[in-house]
Amino acid sequence: MRPDEPAPAPTPIRWWRLGPWSRNRLMRRSDRYEATLVLLAAILVLLLIPFAAAFGTATHTRLQQQTQALRAGVHQVPAVLLEDTHPAPETTEGSHRTAGTKDTARVRWSTPDGQRTAVVPTDNPTKAGQTITISVGADGNLTGPIPSSRENTRVAVTTACGAWALAAGALLLPTALAHAVFDRNRMRHWDREWNQFDLPPR
C-alpha cells in the first residue's frame, strides 16, 4: 500500500457497508436482495440456538426420567458362582489389564419362577461357590447397565448440537446456492458492460 492510499476499513465496517441499507450507488438491486437474504439467514441461524437448547433440555429431562424408572425397577439379589471367573474377552492370562475391564463368570440365582443362570461381569477374581450380588429387574432377569446422569447430559448436548447443525445447514445451503446464482448473474452483467465499454465510439 502506498503512503498516499487510505488505510482499508476494518472488517466489521466493510461488512456493514455490504448490508442492504447501504447507500452505495454501485450496489445493484440484485446485490441488495442478496444482502437481505444473507442477513435473514444469519438471523435465523442465531435464533435456532435457543430452540436447540430447549430441545436438548427436553431430551435430558426425558432421559433422566427413563433412568429413574429403570433404577426403580431394579433390585439386588445374591447369586452363587458356578465356576471360577474368566478373564475378560479383551484380556488374557498374565496380560496387562486396562482400566474398566472385568472378569466374567456363570452364576445362578433364585426367582419366584425358579432358578436362572447367566454369565455376568465381576469386579474381582472369584472362585466357584462364592456369592456375589447382581442386579435384576422385576421379572427376575438381569438388567443392562443403567445410564448415568453424565451420560444423559452428553447425549442431550450431542442431540442439541446435531439438531442445530441440521437446521442451520438446511438454511445455509439454499443461501449458498442463491449466492452462487447471484454471483453468476453479476459476472454476466459485468461482462456485458465491459463489452459495451470496449465498443468504439459512434
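It should be emphasised that the depicted structure is a prediction, and the values quoted were computed from it without experimental measurement. (Residues numbered from 1 in each chain as written. Predicted model: local features only at pLDDT ≥ 70, side-chain atom pairs only at ≥ 80, totals over all residues. Heavy atoms only, no water.)

Peer 1: Can you walk me through the overall build of the chain in this structure?
Peer 2: Helix and strand counts for the chain come out as three helices and four strands. In sequence order, the chain lays out its α and β elements as α-α-β-β-β-β-α. Within the span of the chain, comprising 202 residues, buried residues form 21% of the whole. Long-range contacts, defined as pairs at least 24 residues apart, comprise 60% of the intrachain contacts of the chain with a sequence gap of at least 6. Accessible area of the chain: about 15200 Å², with a carbon and sulfur share of 62%. (Helix = DSSP H or I, 4+ residues; strand = E, 2+ residues; numbered from the N terminus. Buried < 20%, exposed > 50% of the residue type's maximum accessible area, 1.4 Å probe, protein only. Contact = heavy atoms within 4.5 Å. Areas by Shrake-Rupley, 256 points an atom, 1.4 Å probe, with all protein chains shown as cover.)

Peer 1: I'm lost on the environment of Leu171 in this one. Help?
Peer 2: The topology assignment puts Leu171 in helix H3 (residues 149–198). Residue classification places Leu171 among the partly exposed residues on the basis of a relative accessible area of 28%. For Leu171 and Ala41, which are 130 residues apart along the polypeptide, the C-alpha to C-alpha distance reads 6.4 Å. Apart from the residues lying within four places of it in its own chain, the contact partners of Leu171 are Leu44, Val45 and Leu48.

Peer 1: Looking at this structure, I do not really get the environment of Ala72. What am I missing?
Peer 2: Take Ala72: it is sitting in helix H2 (residues 29–72). In this structure Ala72 comes out as exposed when scored by relative accessible area, which is 67%. Remark: the alpha-carbon pair of Ala72 and Gly137, spanning 65 residues in sequence, is separated by 9.2 Å.

Peer 1: Any chance you could explain the nonpolar core here in plain terms?
Peer 2: For soluble globular proteins, nonpolar side chains are generally found buried alongside one another. With 11 residues, the main nonpolar core is built from Val77, Ala79, Leu81, Ala105, Val107, Trp109, Ala118, Val120, Ile132, Ile134 and Val136. Secondary structure elements with two or more residues in this core: strand S1 (75–81), strand S2 (103–111), strand S3 (114–122) and strand S4 (131–136). Sequence-distant contacts of Ile132, defined by excluding residues within four places in its chain, comprise Val77, Pro78, Ala79, Leu81, Val107, Val120 and Thr122. (Core = buried A, V, L, I, M, F, W, Y, C linked by side-chain atoms within 4.5 Å.)

Peer 1: Would you take a moment to explain a nonpolar patch on the surface for this structure?
Peer 2: On the surface, a nonpolar cluster with roughly 420 Å² of combined accessible area is contributed by Leu39, Leu40, Ile43, Leu44 and Leu47. Here Leu39 lies in helix H2. Among the residues examined, Leu39 registers a relative accessible area of 33% and is labelled partly exposed. (Patch = residues over 30% accessible without salt bridge, like charges linked within 9 Å, V, L, I, M, F, W, Y side chains within 5 Å. Salt bridge = Lys/Arg side-chain N within 4 Å of Asp/Glu carboxyl O.)

Peer 1: Would you mind showing me how to read the sheet that holds S1 here?
Peer 2: What holds strands together in a sheet is hydrogen bonding between their backbones, with the strands either parallel or antiparallel. Judged by pairing direction, the sheet is antiparallel, and its four strands sit side by side in the order S3-S2-S1-S4 without closing on themselves. On the outer flanks of this sheet lie S3 and S4, each paired with one strand and no other. Geometrically, the sheet is characterised by an average inter-axis angle of 45 degrees between neighbouring strands, direction not taken into account. Pairing of S2 with S3, which is carried by nine bridges, proceeds in the antiparallel orientation. Paired with Ser110 across the bridge in S3 is Gln115. (Pairing = 2+ DSSP bridges. Axes fitted to C-alpha atoms, helices over the stretch in contact; angles between N-to-C directions.)

Peer 1: What exactly am I supposed to notice about the pattern of salt bridges here?
Peer 2: Where charged atoms of side chains with opposite charge meet at close range, the side chains can pair. Counted by the stated rule, this structure contains one salt bridge. A salt bridge links Arg116 to Asp113; its shortest N-O distance comes to 3.7 Å. For Arg116, a relative accessible area of 23% corresponds to the partly exposed category. The exposed category is assigned to Asp113, whose relative accessible area is 68%.

Peer 1: Hey, could you run me through the environment of Ala167 in this one?
Peer 2: Within the element layout of this structure, Ala167 appears in helix H3. The spacing of Ala167 and Val45 is 122 residues in sequence and 7.9 Å in space, taken between C-alpha atoms.

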